[in-house]
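If you want the building blocks of each chain, they are given just below.
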Amino acid sequence: MPSPADTDDAVPRAPDFPPPPLDQQQRMVEAVLFASAQPLTVRDLAARLPAGCDPAEVLAGLRRHYQGRGVVLERVGDGYVFRTAPDLSFLMQTETVEQRRLSRAAVETLAIIAYHQPVTRAEIEEIRGVAVSRGTLDQLIEMEWVRMGRRRMTPGRPATFVVTEAFLDHFGLESARDLPGLSELRAAGLLDSRPPDDGMSLPVIPDGDDDDAIGHDGPADDLFDDD
Amino acid sequence: MPSPADTDDAVPRAPDFPPPPLDQQQRMVEAVLFASAQPLTVRDLAARLPAGCDPAEVLAGLRRHYQGRGVVLERVGDGYVFRTAPDLSFLMQTETVEQRRLSRAAVETLAIIAYHQPVTRAEIEEIRGVAVSRGTLDQLIEMEWVRMGRRRMTPGRPATFVVTEAFLDHFGLESARDLPGLSELRAAGLLDSRPPDDGMSLPVIPDGDDDDAIGHDGPADDLFDDD
Amino acid sequence: MAGNTPDVPYLRPVPDAASAGGAARGDGFDAGTVAARQAEESLIVEVDGYEGPLDLLLTLARSQKVDLMKISVLHLAEQYLVFVERARKLRIELAADYLVMAAWLAFLKSRLLLPPDPEAEGPSAEDMAAHLAFQLERLDAMRQAASRLMGRDRLGISRFQRGAPEPVARRRRTEWQAGLIDLMRAYARLKTRDEFRPYAFDRQNVFSMEQALDRMRRMIGFAGDWTDLSDFLPDGWAADGKRRRSATAATFAASLELARQGRLEIRQSDTFAPISFRRKPAAEN
């Protein structure tokens with residue numbers, strides 16, 4: 001078994017023991033770098049390889065061999081290391097996709113922004129009849145379906161909200177103007193036909209943060225359940 | 001960025017988004033396999049690669065590419081993994097993993113399970129002529145070289161034992177069919193399970209839980225010491 | 001197999017003096033006998049290393065220096081019995097399974113030496129011998145397989161995994177499920193909210209027939225004489241118009257139900273005149 005080179009050794013190694021051919025040296029460097037937990041320097045490699053090997057030369061050849069492959073030989077400081085090719089780094093992650101429904105508050109807020117954009121938060125609250133929580137708007141902005149528009153030139157200069165291209169993309173709309181109008185919604189049967197107004201409407205209940213919590217059409221249905 | 005394959009998706013991915021060319025797929029498989037210390041199956045690979053890729057197709061080419069290199073692509077059961085070429089082990093003193101010392105009983109039991117799998121504990125005892133201690137099997141199971149197989153459909157429904165993929169990986173076997181000398185042993189009838197007729201079987205002393213205690217510090221342990 | 005506990009070694013250690021003395025007294029025998037005796041004694045000294053009778057048998061079988069396929073089981077049985085006999089002479093206490101094996105082999109030996117008994121049941125002596133030979137060969141084969149296995153290019157000894165595996169980052173991405181239809185429904189709901197919203201919040205102003213029935217059942221017992229409907233309305237419901245209407249309607253409906261059950265009488269002197277109730281006297285009985 002060849003012993004590792006120990007260049008500083010006082011006794012020179014038998015010079016009549018020729019170093020392995022370059023392609024064998026390349027295999028050796030390849031294997032050693034592959035198995036190593038840390039980058040290895042030329043000196044590290046020389047210490048591991050049989051006497052007479054020339055790691056520097058071999059490294060250059062190895063680097064060429066891996067050029068354009070899925071794995072590349074990188075230099076890190078003084079050391080060399082195999083790494084996944086940078087353009088393939090996307091393979092080094094797995095993505096788990098979680099399907100979730102938007103909360104009712106979020107859908108309603110989104111709908112209002114889509115139909116009324118640019119719209120201020122106060123206007124959204126007026127239409128929804130409840131306060132809009134910071135979280136709901138943040139979520140829609142984070143999803144990139146809603147973004148801030150221009151400030152309204154009214155006292156307080158409130159921010160407005162508009163829908164984004166990503167929103168149009170997701171919902172398959174050319175523009176927000178393509179959203180069907182109320183009469184179309186009614187024609188499409190999307191408006192529930194409820195008992196007519198009996199003039200007993202109540203004032204809007206101002207709401208705290210959790211506008212999600214209100215049980216919406218629950219109680220109304222129950223009242224008329226008893227046959 | 002290409003999204004990961006999600007073959008079971010109800011909505012088929014845009015078919016106008018063709019899979020990458022084969023040489024790119026090979027790079028990708030190379031990168032993913034190179035990054036992993038454990039074998040990955042074709043299915044694992046497909047889950048990581050862009051939709052439409054066919055890892056099985058590029059694996060053969062990749063294997064050829066690494067033939068004779070310092071690092072080789074090995075097949076382990078259903079998986080594929082890069083390992084350093086065995087002839088270069090002399091370079092790897094630094095990486096050599098201290099192997100847990102296996103008792104002679106454990107090594108023999110392992111071999112019997114590998115060659116006779118699925119095999120019951122009673123059958124192992126019949127072959128070895130001594131009781132198999134719980135500890136020996138536990139050790140092999142803990143090392144993840146052995147696992148429980150199906151129960152035998154015979155009276156008492158005894159558990160059977162089989163070897164694992166980690167076993168194949170450790171011993172550099174593509175499959176249990178590649179065990180050395182398997183076909184010769186089979187041809188010689190030495191792997192037949194011959195249930196001994198009454199009066200023919202040699203006495204096996206049924207044992208308690210810990211016959212491992214026998215000869216623990218005796219010579220038996222040393223018999224199969226590595227090196 | 002009573003008396004065999006796993007902790008008991010198969011053989012008690014041989015006192016040094018006994019074995020050394022035995023070997024020393026080898027003078028005078030011819031060289032072959034001395035070698036044979038030494039071989040046997042070395043077997044005994046090593047007996048701690050045997051993993052039971054089959055292991056010992058295999059070692060003895062190897063000393064025949066023939067292919068295990070051609071082993072003489074008769075000879076092997078004799079070797080084993082000699083071994084056990086010697087152990088006894090050396091005052092070595094053999095474990096029970098060694099003695100059981102000795103008895104079995106003695107039986108096999110006698111069967112092999114006697115002419116076959118045509119009346120005998122069970123396997124023939126040749127079958128038993130063949131099976132023993134098979135077991136020895138199989139154990140030997142498994143031992144060889146084990147050492148070949150351990151001699152393979154093992155992971156971490158000859159073959160190595162990637163020293164710096166690259167981690168796979170796990171990312172969780174949330175895909176929000178919302179279609180145009182959800183959006184339009186939500187908007188439609190908002191725009192028509194006023195049409196049905198009151199019902200959602202009007203529960204406090206509605207006195208249900210259940211509540212009215214409950215209340216009247218409790219009250220009617222005390223109403224011995226005609227009592228006006230308005231006296232049955234719950235506290236605080238008579239002042240507000242909406243609540244009064246709801247409570248009046250519910251109470252009247254409840255009274256009809258109680259009248260139907262024969263527990264109550266209803267009286268109204270004229271159209272739009274006040275309605276009054278009393279407990280139906282018959283209901284007392």
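Going by the structure above, here's the rest.
1. So, the sheet that holds strand S6 (residues 159-163) of chain B
What links the strands of a sheet is backbone hydrogen bonding, and the strands pair in either a parallel or an antiparallel sense.
All names here are of chain B.
Point 1. Spatial strand order, S4-S6-S5: 3 strands in an open sheet with antiparallel pairing. Looking along the sheet, the strands with just one partner apiece sit at the ends: strand S4 (119-120) and strand S5 (146-151).
Point 2. Bridge count for S5 against S6 is 4 bridges, and the pairing is antiparallel. Note that in S6 the partner of Arg-147 across the bridge is Val-162.
Point 3. Set on the sheet, helix H4 (residues 104-116) makes contact with S4, S5 and S6; between it and S6 the angle comes to about 95°.

2. Regarding the interface of chain A and chain B
How big an interface is tends to be expressed through the accessible area that disappears when the partners come together.
Point 1. In this assembly, 32 residues from chain A lie in contact with 32 residues from chain B.
Point 2. In total, chain A and chain B occlude about 2800 Å² of area from one another, counting both sides; carbon and sulfur atoms represent 61% of this.
Point 3. Counting the surface chain A buries against chain B, the share from its top three residues, Arg-27, Phe-34 and Arg-69 of chain A, is 24%.
Point 4. Between the two partners, chain A and chain B, sit 5 salt bridges.
Point 5. Residue Asp-87 of chain B is joined to Arg-27 of chain A by a salt bridge in which the shortest nitrogen-to-oxygen separation is 2.9 Å.
Point 6. At the boundary of chain A with chain B, the tally comes to 16 residue pairs in polar contact (both at pLDDT 80 or more).
Point 7. Where the side of chain A that touches chain B is concerned, the elements lending two or more residues are helix H1 (22-35), helix H3 (55-65), strand S3 (79-84) and strand S4 (93-101) of chain A.
Point 8. If one sorts the elements of the side of chain A that touches chain B by residue count, H1 of chain A sits on top with 8 residues.
Point 9. Taken together, the residues that form the side of chain A that touches chain B break down as 18 nonpolar, 8 polar and 6 charged.

3. Side note on a nonpolar patch on the surface
Point 1. On the surface, Phe-252, Leu-256 and Ile-266 of chain C cluster together to form a nonpolar patch covering roughly 230 Å² of accessible area.
Point 2. Along the chain, Leu-256 of chain C turns up in helix H10 (residues 241-260).

4. Overview of the environment of Ala-145 of chain C
Point 1. With respect to the element layout, Ala-145 of chain C can be found in helix H6 (residues 125-150).
Point 2. In this view, Ala-145 of chain C contacts Ala-111 and Tyr-115 of chain B; residues no more than four positions away in its chain are not counted.

5. Focus on the packing of aromatic side chains
Point 1. One pass over the full model with this rule turns up 14 aromatic pairs over all chains.
Point 2. Relative to Tyr-66 of chain B, the ring of Tyr-66 of chain A lies with its centre 6.4 Å away and its plane at 50°, an arrangement referred to as tilted. Note that Tyr-66 of chain A is positioned in the loop between H3 and strand S2 (71-76) and Tyr-66 of chain B in helix H3 (residues 55-66), a pairing that runs across two chains.
Point 3. One aromatic cluster is present, built from ring pairs that chain together Phe-34, Tyr-66 and Phe-82 of chain A together with Phe-34, Tyr-66 and Phe-82 of chain B.
Point 4. Here the basic side chain of Arg-243 of chain C rests over the ring of Trp-237 of chain C, its NZ or CZ set 4.1 Å away from the ring centre.

Rules used in this analysis
Residues numbered from 1 in each chain as written. Chains lettered and ligands numbered in written order. Predicted model: local features only at pLDDT ≥ 70, side-chain atom pairs only at ≥ 80, totals over all residues. Heavy atoms only, no water. Pairing = 2+ DSSP bridges. Helix = DSSP H or I, 4+ residues; strand = E, 2+ residues; numbered from the N terminus. Contact = heavy atoms within 4.5 Å. Axes fitted to C-alpha atoms, helices over the stretch in contact; angles between N-to-C directions. Buried area = accessible area lost by both parts, 1.4 Å probe. Salt bridge = Lys/Arg side-chain N within 4 Å of Asp/Glu carboxyl O. Polar contact = N/O pair within 3.5 Å; in protein donor to acceptor, adjacent residues only side chain to side chain. Nonpolar A, V, L, I, M, F, W, Y, C, P; charged D, E, K, R; others polar. Patch = residues over 30% accessible without salt bridge, like charges linked within 9 Å, V, L, I, M, F, W, Y side chains within 5 Å. Areas by Shrake-Rupley, 256 points an atom, 1.4 Å probe, with all protein chains shown as cover. Phe/Tyr/Trp six-rings, centres within 6.5 Å; stacked < 30°, edge-to-face > 60°. Lys NZ or Arg CZ within 6 Å of the ring centre and 35° of its normal.

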